[in-house]
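If you want the building blocks of each chain, they are given just below.
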Amino acid sequence: MSIYKSAIKKPVTTALIFVAVAIVGLFSMSKLPIDQFPEMDPPFITVMTTYAGASASEIETNVTKLIENSLNAVDGLKELTSISKDNISVVNLEMEWGTDLDEAVNDARGYIDMLKEALPDGCSNPSLFKLNTSSMPIIQYAITAKESYPGLDKILNDELITQLNRVDGIGSASLSGAPERYVYVDIDQAKIDAFGLPLEMVGNAIANNNLNLSSGTVKLDTEQYQLQVRSEYVESSEIGNIVVTTTQTGQQVFVRDIATIRDTIKDLTLDEKVNGEEAVKLVISKKSGANTVQVCKDIRKELAKIEKVLPSDIKIDLIYDSSEEIENSILSLIESIFYALLFVVLVVLIFLGNWRATFIIGITIPISLIVAFIYLLFVDSSLNIISLCSLTVAIGMVVDDAIVVLENISKHIDRGSSPREAAIYATNEVWTSVIATTLVIAAVFIPLTMLSGMAGILFKELGWIVTIVVSTSTVVAITLTPMLCSKLLKAKKVKVDERGKLVEVKEKRGWYQRIVVGTLDKIDGWYANILRWCLRHKLTTVSIAILFFGLTLIPVMTGKIGTDFMQQTDNGRLSVSIELQSGTRVEESAKLARRVEARFMELVPEIERISSSTGSNDQGGVASLFSSTTNNKISMTVVCSKKNERERGITEIAEVLRKELAVYPEIIDYQCSTGGGMGGGSTVDVEIYGYDFDQTNLYANELKNLISQKVEGARDIAVSRDEDRSELKITVDKEKAAYLGLNSATVSTYVRNRVNGLTVGYLKEDGDEYDIVVRLQEENRNSITTLQDISIPTGMGNVKLSEIATIEEYWAPPTIERKSRQRYMRLSVTPYNVPLGQIAANVQSVIDQTGTPNGITVRISGSYEDQQETFADMIILLLLVVLLVYVVMASQFESLAKPAIIMLSLPFAISGVIIALWITGVSLDMIGALGFIMLVGIVTKNGIVLVDYINLMRDRGYELYEAIALSGASRLRPVLMTALTTLLGMLPMALSTGEGSEMWHPLGIVVIGGLLVSTMVTLIIVPVVYALMSRHGERDKEEKLRKEYIFMQISTKEEN
Amino acid sequence: MKCVFIVFNQANTSRVEYLLDALKISGFTMFEEVQGRGTNGGEPRRGTHTWPELNSAVMTMVEDDRVDELLDTVKKLDLRNKEVGVRAFVWNVEKSV
């Protein structure tokens, strides 16, 4: 027995099966975590090697090159880049997206093991890191305080961090910019010189009096005691009373005589401010696998508890909460889904004018969508932007099958069948074609799951979800829909009148009958007339259509349609980086930062918070290796109010800030980039390959100037290679030094002790230890002259540094960046209000005009390169999809020509897409291209319905034109209805202003534009071309076959 | 009015439809896939492994004067290939609504 018959015969079973599916789906939904994107590991591996004492170019030849050469063979490697700077070599491997990273790391480790022998002696073992998304901070707070500021470090470490670490899923919580307590012993050079004391002696004296030592045990009568020397400092003031030495005259020299003791917070090297106030940044990252939204929620709850315990002047402000962004974009998507649902149901209601029918159609939507949640739970995915967008995309399509089935059932009921019979036989008539249209959709969406690269990760879920949801809707359409029809739809009321005649009981003609049905009838008739006219003027019609198609290509030819990799999203965050003259003191940079902040606040009232950091934490360890803030750089995070609460877009605000930054003469370079999201900001990168630093620098600067002058919309042109850093170099006269019993190593230690400081022990308080640092007071180490005046102790008394060494200023060589095993530098250009593709083209023309010097090769990459790669993928995908759809249709119609007729709607979909993009001014990006691929399925579905019916009419013996006009009139409503449901389902996506919605705008716009135009054209051009091509069609063939029957001519007369 | 019962090998289906069209006989009832066996030779049509072929049958009500013409045409069809046979039987129609 067929599936629909069973469904109708067992209504309880059928209904309960779907109830069960819905319950399992809802259960899955409650279990699904919320996340921004489907889980993906960014495929980066870093190999870090240190080789103390080697210069950048030595590192490059002896370490980096060797590692690069051996790692080049790692499977799945996409790009190999490296940075060589003094002492350190960092090699970065970018793998293809979707590579098994563990495998790749093992592979890389194997190659490095083989290489170890070849690395120079004294070089550390290369260490491998896997970049992990969980290492990214998920939430950041700014902690400000007034009175408690000096003790903030202790308060936070003791009370905040320890408590926070108890929250489930937290990877690490760390403070940055916290004021650390230090005890400084600032020594006056002149005074120690007067006593002839070396600084180290002061240090030793302080260290040696700061002891707790066990001196054995003492037995007294019956008891036994531990004997201990306890002379640790209790207070920092005690240090001043330490005797450093006794002079020959018997005079005691105390520390306080030669130094000042400061018990204070650490000298400024990293300046963290929030809205210009002293602030400590609390950065929290999650454990890998933990759910961001949940962890952030727990953190917020825990912090609220902790805040009550902390001193009242400590304020904790949120700088950045990644969960907020996720929740907002998820919420705006859920909103879109509900709007889509509403629109779709309204369309159905208007066309059918029947509550019961609308309910039957409407019920397919939630049931089909809920199945997607089961799939998501099954593959360990989450409710993310991709999965929810897929649902929005699917909403308009899931009702199509049910509409076709219901329409046919109502037709049978109108003819007088009982609902039950009508349900069985009507479903039987259409179920194969319903399955065929679903196959068409599957043919479009399944190939999406096979894409590689980042697009593959994004679209895999989309492909599966739409396929699964639409397949489910088909199952619903051939089981639940006929079952519900058999129960809910009413048979036409008939009665026998007094004369014994059967008459229909006329329903009351309500407003619906008068207005809506009247209008629809009028449209039907009007359309049939147009169609008849077009059929009489086939050539004219076709010519107009071709002309129309040609005209719409003009915006593309004239470059009116831009291309992008991805739309820039407006998450209300800007990162500003400012570079000052190298060598600027961190205090000076910080002062400027305050001024800039104040101006920003004035210019842009939308700004809620600016957190800025200047300088670097010199004890930052490995982390500081990756951060680029140094004393002459300021980096700011500017947080604006929510997108829908302000009028200016984030790019406009960025432009305002850029203009302001251009005013300051002391700022030599600045960037103002709008926030992240997938793949970061979109930039066009110019890669300049060349061995000679000077040559490439010169060329890069020339290009930079030309691009900023000639290329419209080019902003934030940044050169990746740092300016040469100014350094002071001490050159030791080895002969003189040796004469005094010194060598370069001892000299460098002495200088380090005096300038950087000598840590001579700890001041202990409440279980915490604070460094005691002995060094020269600032006046003795803040100029070249005073540095030359530093005393170096020798066996023969003190000598001045200038006697044994010279100090000169020099420029340290830059870090050496390499890509694909060649030296290179990168010039990145951020577009402002101009599509990426156009910037890339203009940059290319600038490069062509300048010409490249010998020994330099130039290549355009960055997001533009990603865009090119993805578009190439998309075109292949499009061809594949068109082919698959053709195969499905050809097998359904058993004809090679019919699918070709239907596919004629595709060029007009292109026209529609172009017009839509042109009007809205949106550029075509990866998501838009995806929309176009989806159009292939959606658009052909309309054609299938139409052509299928024309075929039917012709088989029933109608004359060709009559068959076409009749089918046109009869199929107009279903075609309009399915097109409208899909279109309106997409509308919220195209219009949404929620956070992160920019990303999906192009999809909505492309589908709506393409569908609108192609539906209108399909309704005319497909029948006309059908008429053109079927003149001598199938019916004639049958006649021919019959003519071959010659048995009628056989004589039946007996021959005997 | 006479009832003509035509039973034929399935392979003759389109020819039977054609001959009815040719004789302008529009009304008929068709039974698809019927089994049968002949009295005077010919292979049984049972749809089994041994006798895999099947017949179909058409019942058509025609005016008396058209019966001969119809039977004659059926005979012609039979002569075309005896192995793919066709038979026709005629009886009276007593009443109809």
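Just so we're clear, the structure is a prediction, and the values are computed from it rather than from any experiment.

Chemist: Any chance you could explain the overall build of chain A here in plain terms?
Modeler: A tally of helices and strands in chain A yields 34 helices and 32 strands. Its C-alpha atoms put chain A at 160 × 80 × 70 Å along the principal axes. Residues classed as buried in chain A amount to 43% of the 1056 residues present. In chain A, 80% of the contacts between residues at least 6 apart in sequence involve partners at least 24 apart.

Chemist: What should I look at first to understand the sheet that holds strand S7 (residues 181–187) of chain A in this one?
Modeler: Residue and element names in this part refer to chain A. Strand order in the open sheet formed by four strands is S12-S7-S26-S25, and the pairing between neighbours is mixed. Looking at which strands have only one partner, the edges of the open sheet turn out to be strand S12 (259–265) and strand S25 (758–765). On average, adjacent strands in this sheet sit at an angle of 25 degrees to one another, irrespective of strand direction. Alignment of S7 against strand S26 (residues 768–776), held across five bridges, turns out to be parallel. Within the sheet, the bridge partner assigned to Ile-187 lies in S26 and is Leu-776.

Chemist: Help me understand the sheet that holds strand S3 (residues 55–62) of chain B in this model?
Modeler: Two strands in a sheet stick together by hydrogen bonds in their backbones, pointing the same way (parallel) or opposite ways (antiparallel). All names here are of chain B. The four strands lie next to each other as S2-S3-S1-S4, forming an open sheet whose pairing is antiparallel. A single partner strand is all that each edge strand has here, and the edge strands are strand S2 (29–34) and strand S4 (86–92). Neighbour to neighbour, the strand axes of the sheet diverge by 15 degrees on average, direction disregarded. Pairing of strand S1 (residues 2–9) with S3 involves eight bridges; the strand directions are antiparallel. When the bridges of S3 are listed, Val-4 appears paired with Thr-60. On the sheet, helix H2 (residues 67–80) packs against S1, S3 and S4 and is oriented at approximately 165 degrees with respect to S4.

Chemist: Is there a simple way to think about the interface of chain B and chain A in this case?
Modeler: Quite often, the size of an interface is put as the accessible area lost when its parts meet. With ten residues of chain B in contact, the opposing surface of chain A contributes six residues. Within the residue set of the side of chain B that touches chain A, elements represented by two or more residues are helix H1 (13–22) and H2 of chain B. At seven residues, the largest contribution of residues to the side of chain B that touches chain A is made by H2(B). For the side of chain B that touches chain A, the residue count by class is four nonpolar, one polar and five charged.

Chemist: Can you walk me through unusual backbone geometry in this structure?
Modeler: Most peptide bonds take the trans configuration, and most residues that are not glycine carry a negative phi. Although it is not a glycine, A:Asp380 sits at a positive phi angle of roughly 60 degrees. If you trace the backbone, A:Asp380 turns up in the loop between helix H11 (355–378) and helix H12 (385–414). Residue classification places A:Asp380 among the exposed positions, given that 10 C-beta atoms sit within 10 Å. Despite not being glycine, B:Lys24 has its phi angle at roughly 60 degrees, a positive value. Along the polypeptide, B:Lys24 turns up in the loop between H1 and S2. Look at B:Lys24 and you get exposed, because 7 C-beta atoms sit within 10 Å.

Chemist: I would appreciate a short explanation of helix H30 (residues 905–920) of chain A in the present structure.
Modeler: Residues and elements named next belong to chain A. Its 16 residues place the ends of H30 22 Å apart at the C-alpha level, agreeing with the 22 Å of an ideal helix rising 1.5 Å per residue. For H30, the full list of buried residues reads Ser-905, Leu-906, Phe-908, Ala-909, Ser-911, Gly-912, Val-913, Ile-914, Ala-916 and Leu-917. Just beyond H30, the residue with positive phi is Gly-921, at close to 75 degrees.

Chemist: Explanation requested: the confidence of the model for chain B in the structure shown.
Modeler: Low pLDDT marks stretches whose predicted atomic positions should not be read closely. The predicted model of chain B has a mean per-residue pLDDT of 90, with 100% of residues at 70 or higher. Model confidence for the complex: the whole-complex pTM is 0.77, and ipTM, which rates the interface, is 0.73.

Chemist: Even after reading the chapter, I still don't get the pairing of strand S5 (residues 137–144) of chain A, so can you show me in this structure?
Modeler: Here is the key point about a regular strand: its side chains alternate between the two faces of the sheet. Residues and elements named next belong to chain A. In terms of strand pairing, S5 meets strand S14 (residues 277–286) through seven bridges, oriented antiparallel. Of the residues in S14, the one forming a bridge with Thr-144 is Ala-279. Note: S5 against strand S15 (residues 315–321), six bridges, orientation antiparallel. Of the residues in S15, the one forming a bridge with Ala-142 is Asp-317.

Chemist: I would appreciate a short explanation of the pairing of strand S2 (residues 77–85) of chain A in the present structure.
Modeler: Residue and element names in this part refer to chain A. As judged from the eight bridges shared by S2 and strand S3 (residues 88–95), these two strands associate in the antiparallel manner. Opposite Ile-83, over in S3, you have Val-90 as the bridge partner. Here S2 hands over to S3 after two residues, with Asn-87 in that stretch at a positive phi of 75 degrees. Across four bridges, the pairing between S2 and strand S30 (residues 816–819) is antiparallel. By the bridge assignment, Thr-81 is partnered in S30 with Lys-819.

Chemist: When you look at H11(A) in this model, what are you seeing that I'm missing?
Modeler: An α-helical segment advances 3.6 residues per turn. Residues three or four places apart therefore align on the same side. Between its first and last C-alpha atoms H11(A) spans 36 Å; for 24 residues at 1.5 Å apiece the expected length is 34 Å, and the two agree. Of the residues flanking the end of H11(A), it is A:Asp380, one or two places downstream, whose phi is positive at about 60 degrees.

Chemist: Got a minute to help me understand the nonpolar core in this structure?
Modeler: Most often, soluble globular proteins have nonpolar side chains that are buried together. Formed by 226 residues in total, the largest nonpolar core has its most connected members in A:Val344, A:Ala394, A:Val444, A:Val469 and A:Ile933. Membership of the second largest hydrophobic core comes to 26 residues, among which are A:Leu199, A:Ile242, A:Val244 and A:Val774.

Procedures and definitions
Residues numbered from 1 in each chain as written. Chains lettered and ligands numbered in written order. Predicted model: local features only at pLDDT ≥ 70, side-chain atom pairs only at ≥ 80, totals over all residues. Helix = DSSP H or I, 4+ residues; strand = E, 2+ residues; numbered from the N terminus. Buried ≥ 20, exposed ≤ 12 C-beta atoms within 10 Å, placed from the backbone. Contact = placed C-beta atoms within 7 Å. Pairing = 2+ DSSP bridges. Axes fitted to C-alpha atoms, helices over the stretch in contact; angles between N-to-C directions. Nonpolar A, V, L, I, M, F, W, Y, C, P; charged D, E, K, R; others polar. Expected span 1.5 Å × (residues − 1). pLDDT = per-residue confidence, 0-100. Core = buried A, V, L, I, M, F, W, Y, C linked by C-beta atoms within 7 Å.

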